[in-house]
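Here is what each chain is made of, one letter per residue.
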Amino acid sequence: MNTSLSDKITHRTAQVAVIGLGYVGLPLALAFAKAEFPTVGLEISEEKVAILNSGHSYIEDVKDEELIPYLQSGRLRVTTDYDIVRACDAIFICVPTPYTIQRTPDLSFIVSATEGIAPRLQPQQLIVLQSTTYPGTTTEIVQPILERESGLKAGRDFYLAFSPERIDPGNPQWSAYNTPKVVGGLTYEATTVAAALLRQMGAPVYEVSSPAAAEMTKLLENTFRSVNIALVNEMAQLAERMSIDIWEVVDAAKTKPFGFMPFHPGPGVGGHCIPIDPYYLLWKAREYDFYTRFIELAAETNEAMPYHVVELVAQGLSSLGKPLHSARVLVLGVAFKPDISDARNSPAERIIELLLRRGAEVHYHDPFVPTFRVGGNVFHSEQIMLTSVALTDDVLAETDVVVIVTGHHNVDYCKLLTQTALVVDSCNVTKKLIGTAQILRLGAPLP
Ligand SMILES: NC(=O)c1ccc[n+]([C@@H]2O[C@H](COP(=O)([O-])OP(=O)(O)OC[C@H]3O[C@@H](n4cnc5c(N)ncnc54)[C@H](O)[C@@H]3O)[C@@H](O)[C@H]2O)c1
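This one's a predicted model, so the numbers in the text were calculated from it and none came from an experiment.

Here is what the cut-offs are and how they apply
Residues numbered from 1 in each chain as written. Predicted model: local features only at pLDDT ≥ 70, side-chain atom pairs only at ≥ 80, totals over all residues. Heavy atoms only, no water. Near = heavy atom within 4 Å. Polar contact = N/O pair within 3.5 Å; in protein donor to acceptor, adjacent residues only side chain to side chain. Helix = DSSP H or I, 4+ residues; strand = E, 2+ residues; numbered from the N terminus. Domains from an automatic or database assignment. Phe/Tyr/Trp six-rings, centres within 6.5 Å; stacked < 30°, edge-to-face > 60°. Buried < 20%, exposed > 50% of the residue type's maximum accessible area, 1.4 Å probe, protein only.

(A) Spatial organisation of the site of the ligand. Around the ligand, the surrounding shell holds 27 residues, and the nearest of these are Val24, Glu43, Lys48, Tyr82 and Thr97. A distance of 2.8 Å separates an oxygen atom of the ligand from a polar backbone atom of valine 24. For the shell around the ligand, the element with the highest residue contribution is helix α5 (residues 108-117), accounting for 3 residues. Counting only domains with at least three residues in the shell around the ligand, you end up with domain 1 (3-209) and domain 2 (246-447).

Below, the structure is given as structure tokens:
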């Protein structure tokens, strides 16, 4: 390992830059600052930088009071100026990796961040890609841009590594400080130096032999979740037909102390990982004349769940003599998981689009998401912006059916069950609650 960088890491004087201050980058930048490294956050959005510099956080897992002391002391600085990377020793790239409408990888953010670093790259710097992506991105996309623009050579003049981010927003137990990290460098030295830096944050670090192994590790983790969620989603639909409660079955199965891990059905998958990452892998697999049918089947099964939820809505309404095309529907929860404000790729979007296409009047309530954009993606529909309505007696009185998509904990579900005629519950939050509403629980015997 390069002694000067190694010494700086040991003495916590290495200057760290984190590029992209979102759900991943902001907690990471704060974690480095807390670990006493002089840290700089580099963000393209001037609005986000202004919010942070005014002492506020836009990420639930980062509290204002946590951030302020580090901003005030200058241990953490935030900027839009790429020139800052010249003075840094280690640079982490945490920018988005979405997919296109045809589900192919969109690496434009990785490319633009790398192009921002390349002309400013200095000898002995460490570059670590953290964005989730397909195996090969670090060496096939990032490395050539860095080398071409800088005239420096990875492995000889600078260190290059991939370390996947495993953060789980809203998880009170596992954070950037205790979740083990995986890292794979282009060379043994790059792995060692990156691992040494990551270890200074406190969490264990597991070293693998290459960036591609680290990239694949992240995709295995997320594909594992996608496949298991798909399996239980399929079993949930079977359970409905067989009048068995899948939630009860999963609870029973998880009493087995080995060989089983519980996954729960739901209205679909959302967020920045599970709906997207499997597509990165299956796209790349085709380059090797390989078709990941299993992974695609899982994605297809999960993406069919919003359609199933809408069928449950239509079925419930029809049993009350109401057609879906003239119903007033209230969607409860549009965040992709409980108790957070992140609504990216939420299954609520497809559910609302499908309900609108079938003629329903749709409103939504989400205590964490004040506005929600729907459409403009599939179906070539027009984009509309919805605003969360309050859960008042009047709103509930005018609602024909409530569809629970996200089971936030700060919602009065008992009130729903007494003030509406019909509830479709896709996340089992009404189990054991008593009320007058007819309830259709996904994966449970239907009335
Ligand atoms: N959110 C999660 O739970 C999670 C978990 C693990 C891994 N990941 C992965 O981490 C990566 C980042 O995800 P995220 O959720 O933090 O995304 P995000 O959208 O919340 O944040 C990314 C930030 O990068 C900024 N940005 C974009 N291009 C930039 C550029 N060229 N220079 C500087 N800043 C730029 C954006 O403005 C944004 O603030 C993705 O690859 C994602 O798949 C996310």
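(B) Spotlight on unusual backbone geometry. One non-glycine residue, glutamate 36, adopts positive backbone phi at about 80 degrees. In this fold, glutamate 36 is placed in the loop between α2 (25-34) and β2 (39-42). Phi at serine 243 takes a positive value of approximately 55 degrees, unusual for a residue other than glycine. Relative to the helices and strands, serine 243 is located in the loop between α8 (211-242) and α9 (246-253).

(C) Structural context of the packing of aromatic side chains. Throughout the structure, instances matching the rule amount to 7 aromatic pairs. Consider the rings of phenylalanine 32 and phenylalanine 92, whose centres lie 5.0 Å apart with planes at 45 degrees: the pair is tilted. Of this pair, phenylalanine 32 sits in helix α2 while phenylalanine 92 sits in strand β4 (residues 90-93), and the two are 60 residues apart along the sequence. Neither phenylalanine 32 nor phenylalanine 92 differs from the other in exposure class; each is buried. When the ring of tyrosine 134 is compared with that of tyrosine 280, the centres are 6.2 Å apart and the planes differ by 35 degrees; the resulting orientation is tilted. On the criterion of sequence distance, the pair formed by tyrosine 134 in the loop between β5 (126-129) and α6 (137-150) and tyrosine 280 in helix α10 (residues 277-285) is long-range, its members being 146 residues apart. Tyrosine 134 sits in the buried class, given a relative accessible area of 5%. An aromatic cluster is built from Phe32, Phe37 and Phe92, whose rings are joined through pairwise contacts.

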